[in-house]
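Here is what each chain is made of, one letter per residue.
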Amino acid sequence: MKYRSHYCGQVNKSDLNQSVKLCGWIMKSRDHGGVIFIDLFDHSGLVQVVANPGLKDFKVLESLSTHSVVCLEGTVIPRPDGTVNPNLSTGEIEVTIDQLVWYNKAAPLGFDVNDTKVSESVRAANRILDIRSERMQTSLRFRAKMMGAMRQCLDHMQFLEVETPILTRSTPEGARDYLVPSRTHPSKAFALPQSPQQFKQMLMMGGIDRYYQFARCFRDEDLRADRQPEFTQLDLEMSFMSAEEICEHVEKLVHHMLSETLDVKLPKFGTLSYDDALTYYGTDAPHLGNPLKLIPLDDVFKDCDFKVFQTPAISDGSRVAAIKLAGGCEQLSRKDLDGYASLVMKLGAKGLAYLKVNAIEDGKNGLSSPILKFLDDQTIDRLLSVLEVANGDIVFFGAGEDKLVNLTMHALSKQLAQDLGLIEEGLHFVWVKDFPMFEKVDGGLTAVHHPFTAPVDEDLNHLESAKAQAYDLVLNGHELGGGSIRISDPQLQQKIFNILGLDDDMVNQQFGYFMKALSQGTPIHGGFAFGIDRMAMVLQGIDSIREVIAFPKTQTASCALTQAPSQVSRMQWFDLGLQAMEVQDGGS
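Parameters and conventions
Residues numbered from 1 in each chain as written. Predicted model: local features only at pLDDT ≥ 70, side-chain atom pairs only at ≥ 80, totals over all residues. Heavy atoms only, no water. Buried < 20%, exposed > 50% of the residue type's maximum accessible area, 1.4 Å probe, protein only. Helix = DSSP H or I, 4+ residues; strand = E, 2+ residues; numbered from the N terminus. Pairing = 2+ DSSP bridges. Core = buried A, V, L, I, M, F, W, Y, C linked by side-chain atoms within 4.5 Å. Contact = heavy atoms within 4.5 Å. Disulfide = S-S within 2.5 Å.

## Here we look at the pairing of strand β13 (residues 318–325)
If a strand is regular, its side chains alternate between the two faces of the sheet. Burial within β13 is extensive, with seven of its eight residues counted as buried. As judged from the two bridges shared by strand β12 (residues 295–296) and β13, these two strands associate in the antiparallel manner. Paired with P296 across the bridge in β13 is A321. Note that β13 and strand β16 (residues 394–401) share eight bridges and pair antiparallel. Bridge pairing in β16 places V320 opposite A399.

Here you go:
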């Protein structure tokens with residue numbers, strides 16, 4: 001038996017007078033003088049079906065609630081004059097029900113599935129209903145189309161899809177591991193992979209040449225709007241390629257995907273150095289559509305007497321920077337200024353200094369600022385010259401340690417641009433390159449990307465300050481993915497581990513298998529990894545990564561639908577050689 005001949009959104013006037021079979025959910029039901037009008041929907045759209053009183057199952061249709069499921073046979077007829085709906089693809093027709101084939105009555109929903117004001121917690125606890133909504137259907141289908149286009153392109157470029165293990169060993173990476181205790185190996189545990197990094201490199205050592213995988217990855221870390229504890233990563237690795245060649249392949253992949261999913265064709269992506277990204281945007285993931293850049297002012301203030309600015313201007317690891325907002329004097333009220341000061345202070349700044357340009361022709365008298373009295377005329381002249389201000393402009397200042405200034409000024413520029421509608425629409429891609437190999441954290445060094453990243457050849461003799469052969473692809477202020485050329489020399493890899501604080505015994509214990517593979521003939525190789533969830537989010541202009549995942553975790557890394565993680569029985573803990581801290585009532 002064939003239940004369906006058409007999807008709901010496919011029926012149109014070309015089907016007039018034909019018999020069709022439809023299946024779907026009831027969005028709305030209306031009784032008009034004994035005739036029932038039903039809006040029937042599925043993922044393709046909505047169609048109006050009509051039940052007349054003579055229908056055998058009329059009483060059944062009368063009793064069906066919103067989101068009940070029906071399968072029916074009917075005849076396509078034109079809508080009466082004056083009832084055509086031009087906003088629907090099916091708006092010129094309706095279907096008269098001849099037979100109700102099957103139905104399943106829904107319990108009361110408690111909320112409108114398509115109501116955008118329903119709280120996220122309600123939606124998460126009722127995820128099955130939420131997935132029926134138009135926004136989730138659109139989002140998940142876009143994601144699938146995006147992944148399909150990428151797979152098509154990679155297959156065409158002769159990449160081989162290879163799966164890597166989910167149960168692996170715990171090694172030091174950027175976040176905590178999710179551990180899986182072993183029943184057959186007491187006191188030992190598997191770790192869920194934070195990424196397939198070592199496996200994909202070993203595939204290159206094994207001669208695979210070009211690899212890809214839509215890999216499931218797991219990281220036990222604090223969550224935010226664009227982060228999940230389990231996520232999907234498009235993993236790529238290539239042998240005998242330079243960093244430039246790898247970026248070319250990645251860019252070709254992105255261009256193909258954009259053409260297939262959004263019908264968008266973009267020029268070649270630009271490049272920005274890591275240092276310039278921090279200097280002018282305050283972040284290594286800049287939004288090039290934001291016109292509010294950071295203006296370096298160390299040279300302006302290095303000789304002034306205002307120690308709040310002069311000290312960071314001449315100190316290593318510190319800086320003074322400004323943001324110029326054209327016409328800001330009229331756009332921002334005192335309340336607005338206080339709000340922006342509160343924003344940066346929550347991030348660690350002591351306050352937010354600003355300068356208003358009222359009448360530049362009057363020199364210092366044409367300016368107003370709480371810090372003006374601390375600045376000499378020569379410093380003010382240099383400042384106005386560098387800033388190139390005009391009447392009505394307002395300038396914000398940040399001074400202090402590099403990380404704090406970059407953090408607060410980037411947040412300020414982002415908020416100002418959003419509040420004032422300054423961000424240029426469109427897709428603003430940029431490659432960020434020339435990353436440092438290491439950064440200082442808690443008195444030691446940690447890898448900016450990961451410990452398998454190769455330094456540039458010219459820096460091999462001073463590794464601790466070396467630049468890395470690494471590259472990130474950024475879109476509209478979001479890092480879509482990153483990659484690098486990997487270390488192919490086991491001696492160099494050993495040195496990098498040592499710099500990161502791992503002695504030879506620790507390296508052998510945690511990475512012995514990898515070091516052995518590395519010593520058995522390793523090609524030059526490198527790769528890239530995309531965050532698929534984040535990419536689907538950014539390309540659709542969605543604010544939360546949970547909107548592109550069918551069954552996401554909440555901000556507390558739990559599942560509101562299944563209530564996972566959950567208690568397990570005492571016997572299950574016992575089998576693993578562990579003791580339960582708590583057991584729910586009924587546990588055994």
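## A word on the nonpolar core
Core analysis: the largest hydrophobic core is formed by 61 residues, its most contacted members being M146, M150, L234, L236 and F530. Counting residues per element, this core draws most heavily on helix α6 (residues 243–261), at eight residues. Not counting chain neighbours up to four residues away, the residues in contact with F530 comprise M150, T232, Q233, L234, L236, V250, L253, V254, L473, L480, G481 and M535.

## Thoughts on the sheet that holds strand β15 (residues 367–368)
Hydrogen bonds along the backbone pair up the strands of a sheet, which may run parallel or antiparallel. Taken in spatial order, the five strands of this open sheet run β12-β13-β16-β14-β15, and their pairing is antiparallel. The sheet terminates laterally at β12 and β15, the two strands that pair on one side only.

## Focus: the environment of Q567
You can see Q567 is positioned in the loop between α16 (532–539) and α17 (570–575). As for Q567 and A580, which are separated by 13 residues in sequence, their C-alpha atoms are 9.0 Å apart.

## Some thoughts on the state of the cysteines
Tallying each qualifying case throughout the model produces zero disulfides. In this structure C247 is a free cysteine whose sulfur lies 15 Å from that of C153, the closest cysteine sulfur available. Of the residues examined, C247 reaches a relative accessible area of 4% and is grouped as buried. C217 provides the cysteine sulfur closest to C559, a residue in no disulfide bond, and the two sulfurs are 19 Å apart.

## Section: the sheet that holds strand β6 (residues 160–161)
If you trace the eight strands from one edge of the open sheet to the other, you get β6-β9-β10-β22-β21-β20-β17-β11, paired in mixed fashion. Each having just a single partner strand, β6 and β11 (270–273) make up the two edges of the open sheet. Sheet topology note: the strand β10 (residues 230–239)/strand β22 (residues 525–531) ladder contains seven bridges and is antiparallel. In the strand pairing of β22, S239 is matched with H525.

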